[in-house]
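Structural overview
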Amino acid sequence: DIVLTQAPLSVSVTPGESASISCRSSKSLLSSKGITSLYWYLQKPGKSPQLLIYRMSNLASGVPDRFSGSGSETDFTLKISKVETEDVGVYYCAQFLEYPRTFGGGTKLELK
Amino acid sequence: EVKLLESGGGLVQPGGSLRLSCAASGFTFTDFYMSWIRQPPGKAPEWLGVIRNKANGYTTEYNPSVKGRFTISRDNTQNILYLQMNTLRAEDTAIYYCARFTTGYWYFDFWGPGTMVTVSS
């Protein structure tokens, strides 16, 4: 299985400041079609996960452009600029390159 | 509007069985892959398996962690996704979500609100 390791486990941010979350894959997520199959989801308290970023760096529909994704074949970063109160929750990276699909362990974002 | 609504969760004894349902609406059900994903309390989501769309023969894939115990099926006339769970263990306790997988961009784009399954004596 592809293992995704996220860091940090939690991050505390002052509203208006930036936050970065790391996700490292045990295997390259670059497909033979040149697509990097890494995704970011946010799970707000008591809700189902919602897609933020697809294919490493593409913003999902309706997601504010304060969110951005970047990375290489195995190392990825989600950046949130100017954090707002609505950004609180747990962030997960996920890979959909291979079966079984796998998720990272999550990073909890809290406000100071 | 796309809607997914799971049902069938509850308390079950170890070794028991349970069948979950996911009612889908607002889209052409047969066009989409459908998955079950679970999330133990306070932990990360775990993908359980997928049943492909009509174009791909409704074939299935499973996570090895549940293969042989869990079975995914679909009723394409009633737009319902099922998860049959057998020989349940305490570690199967989780919220169970159904999720739609779009083969256009290759991700889960809609999730249901989930149904809680508790395995305990």
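Further up the page is the structure itself.
Bear in mind that the values here come from a model prediction, so they are computed numbers and not experimental data.

Moving on: the overall build of chain B. Within chain B, the secondary structure is distributed over 0 helices and 11 strands. For 121 residues, the compact-globule estimate of 2.2 N^0.38 gives 14 Å, and the C-alpha radius of gyration of chain B, at 14 Å, lies within 12% of that figure. Reported as C-alpha extents along the three principal axes, the dimensions of chain B are approximately 40 × 25 × 25 Å. For chain B, buried positions account for 50% of its 121 residues. If you take every contact in chain B between residues at least 6 apart in sequence, the share linking residues at least 24 apart comes to 51%. As displayed, chain B offers around 5500 Å² of accessible surface, 48% of which is attributable to carbon and sulfur atoms. If the 11 positive side-chain charges of chain B are averaged to one point and the 9 negative ones to another, these points end up 4 Å apart.

Here we come to empty space enclosed by the protein. Enumeration over the complete set of coordinates arrives at 1 cavity of 30 Å³ or more. Empty space within the largest cavity amounts to approximately 30 Å³. Around the largest cavity, the lining residues are Y99(A), R101(A), Y33(B), S35(B), W47(B), V50(B), F101(B) and F108(B).

This brings us to the state of the cysteines. Under the criterion given, the structure shown has 2 disulfides over all chains. Here C23(A) engages in a disulfide with C93(A); their sulfurs sit 2.1 Å apart. Taking the sign of the S-S torsion, 75° for the link of C23(A) and C93(A), the bridge is right-handed. Of this pair, C23(A) sits in strand β3 (residues 19-25) while C93(A) sits in strand β9 (residues 89-95), and the two are 70 residues apart along the sequence. Classification of C23(A) as buried rests on a relative accessible area of 0%. Residue class for C93(A) comes out buried when judged on its relative accessible area of 0%. Paired by a disulfide, C22(B) and C98(B) hold their sulfur atoms 2.0 Å apart. Its S-S torsion of about 50° marks the bond between C22(B) and C98(B) as right-handed, since a negative value means left-handed. On the criterion of sequence distance, the pair formed by C22(B) in strand β3 (residues 18-25) and C98(B) in strand β9 (residues 94-102) is long-range, its members being 76 residues apart.

Residue and element names in this part refer to chain B. Extensive coverage of β9 is indicated by the burial of 8 of its 9 residues. Two strands pair when backbone bridges link them, and strand β4 (residues 33-39) and β9 are joined in this way by 7 bridges, in the antiparallel orientation. By the bridge assignment for β9, Y33 is matched with F101. Where β9 folds back onto strand β10 (residues 107-111) in an antiparallel hairpin, the turn is made up of 4 residues, including W106, whose phi is positive at roughly 65°.

Reading the values: rules and limits
- Residues numbered from 1 in each chain as written.
- Chains lettered and ligands numbered in written order.
- Predicted model: local features only at pLDDT ≥ 70, side-chain atom pairs only at ≥ 80, totals over all residues.
- Heavy atoms only, no water.
- Helix = DSSP H or I, 4+ residues; strand = E, 2+ residues; numbered from the N terminus.
- Rg over C-alpha atoms; globule rule 2.2 N^0.38 Å.
- Buried < 20%, exposed > 50% of the residue type's maximum accessible area, 1.4 Å probe, protein only.
- Contact = heavy atoms within 4.5 Å.
- Areas by Shrake-Rupley, 256 points an atom, 1.4 Å probe, with all protein chains shown as cover.
- Lys, Arg positive; Asp, Glu negative; His and termini not counted.
- Charge placed at Lys NZ, Arg CZ, Asp CG, Glu CD.
- 1 Å grid on protein atoms, 1.4 Å probe; cavity = no way out; pocket = protein on both sides within 12 Å on 5 of 7 lines; lining within 4 Å.
- Points joined across faces, edges and corners; volume = space filled by probe spheres on them.
- Disulfide = S-S within 2.5 Å.
- Pairing = 2+ DSSP bridges.

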